[in-house]
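Chain by chain, the residues run as shown.
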Amino acid sequence: MYVCQLSFNCAVDIEISEAQTVISALLDEYRYNGQIIGREFPVILVDDHFDVIFVCPEQDSVAVKYNTDNVTGAFEAIAKCGLALPQFKVLGLESQSDFADLCKVPSALVLYSTFVQSCSPVRCMDHFLPIPLYKLPESIRYDLIKWQESQAACDQLQMNELAEIEPFVVEQLSQPDSELMQNGLDICQQISDELKVPVYRYLYRVGGESLALEQQRLCPGCSEPWALAESLHQLFDFKCDSCLLLSNISWDWQ
Ligand SMILES: [Zn+2]
Ligand SMILES: [Zn+2]
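This is a predicted model, so every value here is computed, not measured.

Right, let's get into the coordination of the zinc ion (ligand 1). The protein atoms that coordinate the zinc ion (ligand 1) are Asp 101 (OD), Asp 101 (OD), Cys 103 (SG), Cys 124 (SG) and His 127 (ND1), at distances of 2.1 to 2.5 Å. Of note, the zinc ion (ligand 1) draws all its donor residues from one chain, in the sequence arrangement D-x1-C-x20-C-x2-H. Pair noted here: Cys 103 is in the loop between strand E4 (87-93) and strand E5 (109-111) and Cys 124 is in strand E6 (residues 122-124), with a separation of 21 residues, a long-range link. By relative accessible area, which is 25% here, Cys 103 ends up partly exposed.

Scanning all chains against the criterion turns up nine salt bridges. We note a salt bridge from Arg 123 to Asp 98, for which the minimum N-O separation is 3.1 Å. With a gap of 25 residues between them, Arg 123 in strand E6 and Asp 98 in the loop between E4 and E5 connect regions that are remote in the sequence.

Let's shift gears to the pairing of strand E3 (residues 49-56). By the criterion of burial, E3 is predominantly enclosed, with six of the eight residues buried. Where strand E1 (residues 2-9) meets E3, eight bridges bridge the pair, whose relative direction is antiparallel. Its bridge partner lying in E3, Ser 7 is registered against Asp 51. Inspection of the sheet shows strand E2 (residues 43-46) paired to E3 by four bridges, in the antiparallel sense.

Right, let's get into the coordination of the zinc ion (ligand 2). Listed as protein donors to the zinc ion (ligand 2) are Cys 219 (SG), Cys 222 (SG), Cys 240 (SG) and Cys 243 (SG); their distances from the metal cover 2.3 Å. Around the zinc ion (ligand 2), the four donor atoms sit at angles spanning 108 to 113°, and that spread fits a shape best called tetrahedral. As a motif over one chain, the donors of the zinc ion (ligand 2) read C-x2-C-x17-C-x2-C. Here Cys 240 lies in strand E9 (residues 236-240) and Cys 219 lies in the loop between helix H6 (211-215) and strand E8 (227-232), a separation of 21 residues in the sequence. The residues Cys 219 and Cys 240 share a single accessibility class, namely buried.

So, how was this worked out
- Residues numbered from 1 in each chain as written.
- Chains lettered and ligands numbered in written order.
- Predicted model: local features only at pLDDT ≥ 70, side-chain atom pairs only at ≥ 80, totals over all residues.
- Heavy atoms only, no water.
- Donors = N, O, S within 2.8 Å, 3.2 Å for Na, K, Ca; no water.
- Helix = DSSP H or I, 4+ residues; strand = E, 2+ residues; numbered from the N terminus.
- Buried < 20%, exposed > 50% of the residue type's maximum accessible area, 1.4 Å probe, protein only.
- Salt bridge = Lys/Arg side-chain N within 4 Å of Asp/Glu carboxyl O.
- Pairing = 2+ DSSP bridges.
- Tetrahedral: all angles 85-135°; square planar, octahedral: opposite > 155°, others 65-115°.

Put into structure tokens, the structure is as follows:
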């Protein structure tokens, strides 16, 4: 991913708060379209202009060709309020994150995220690299962001071992028919219908009684064996091609 900057010059005298409001609205629309990543974006007032710093999945993520009508609308509001069209600059590579997937047509996709992940929750099955939201069907981009927020919240609570709530959030993350996973299924089916590729869901797994029992675990969808001979991307030990599910050997037994 890339750290980028947009600089907005004030074409006329404008209220700082007004400028901040229209810039924030643009950042929201960019975020819901996957063109920028994360939740917090520094907006710095320097003399007569504003600099906004953010992370993009690709160098050309904020290119006009990826803009939705909502992004275009946010730009119109910016012009109306007296800010000039922004200057764009790539500041450098964000070294801690994954690069976007380069496949033209991935053979399969997987819905996967964690509490620390801010890049797209849809990954190429072959390379396990994230696919920017603006390259996925527009109808599910906002829903994917909301799904990822809910997934991250559940994952964060169980990582922090909040004892009273942990069983509930673990169920959301690991049961194929939990509300979170059902929402994920709706999104996966829409992506699959439009892109004509299978979209798998990842089921988190903790607990279990022993490594031996874990290895014999059956698919929770169809109760058939689903263990892989070799783990996939050093993460998935189970895969069911009928139910489009992936999972791991319990983190307690690895
Ligand atoms: Zn790929
Ligand atoms: Zn199955």
